[in-house]
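# Breakdown of the fold
Spelled out, the chains give:
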Amino acid sequence: LPFERWLRASTLVTPLVVLGRPSLPVFCVGPVLAIMAQIARATFGSSTATDVVILGGGALIQVGLAWGLEWYGSAAKARDVSAAPQVQPQPVLPR
């Protein structure tokens, strides 16, 4: 679909794509953040500014977690590839 192709090429969608790759850890952090947000609302009161800060902070934490997990996964793959022993081909001897 043309719209899907355009959407994938857009840099605005990159955070959503990054959120989707390690979705289980990001999803698991969501309820913890929701509880913390309820505590923050009870402590600081419920105003528009407080809600915007809580929602923005929660979104940034989840996107940051996803990017961190993606970076760690790519760094671990790079370490595994560089640490792999280099096997030299053995010549085949005729019998």
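The paragraphs below set out a description of the structure included in this document. (Residues numbered from 1 in each chain as written. Predicted model: local features only at pLDDT ≥ 70, side-chain atom pairs only at ≥ 80, totals over all residues. Heavy atoms only, no water.)

## Quick word on the overall build of the protein
Selection criterion: Elements are defined by DSSP. Helices are runs of H or I of four residues or more, strands are runs of E of two residues or more, and each kind is numbered from the N terminus. Every radius of gyration here is taken over C-alpha atoms, with the globule rule written as 2.2 Å times N^0.38, N being the number of residues. Each residue is assigned to one of three classes by its accessible area relative to the maximum for its type, calculated with a 1.4 Å probe on protein chains only: buried under 20%, partly exposed between the two thresholds, exposed over 50%.
Along the protein, the regular secondary structure elements total four helices and zero strands. Along the protein, helices (α) and strands (β) appear in the sequence α-α-α-α when read from the amino end. Its C-alpha atoms give the protein a radius of gyration of 22 Å, clearly above 12 Å, the size a compact globule of 95 residues would have. The dimensions of the protein, computed from C-alpha atoms along their principal axes, are 85 × 40 × 15 Å. Buried positions account for 16% of the 95 residues belonging to the protein.

## Here's the deal with the pattern of salt bridges
Condition: The term salt bridge refers to a side-chain nitrogen of Lys or Arg lying within 4 Å of a carboxyl oxygen of Asp or Glu.
Evaluated as defined, the whole model comprises two salt bridges. Put simply, Arg41 and Asp51 hold a salt bridge, and the shortest N to O gap is 3.0 Å. You can see Arg41 sitting in helix H3 (residues 23-44) and its partner Asp51 sitting in helix H4 (residues 48-83), a full 10 residues away along the chain. Given the relative accessible area of 31%, Arg41 is considered partly exposed.

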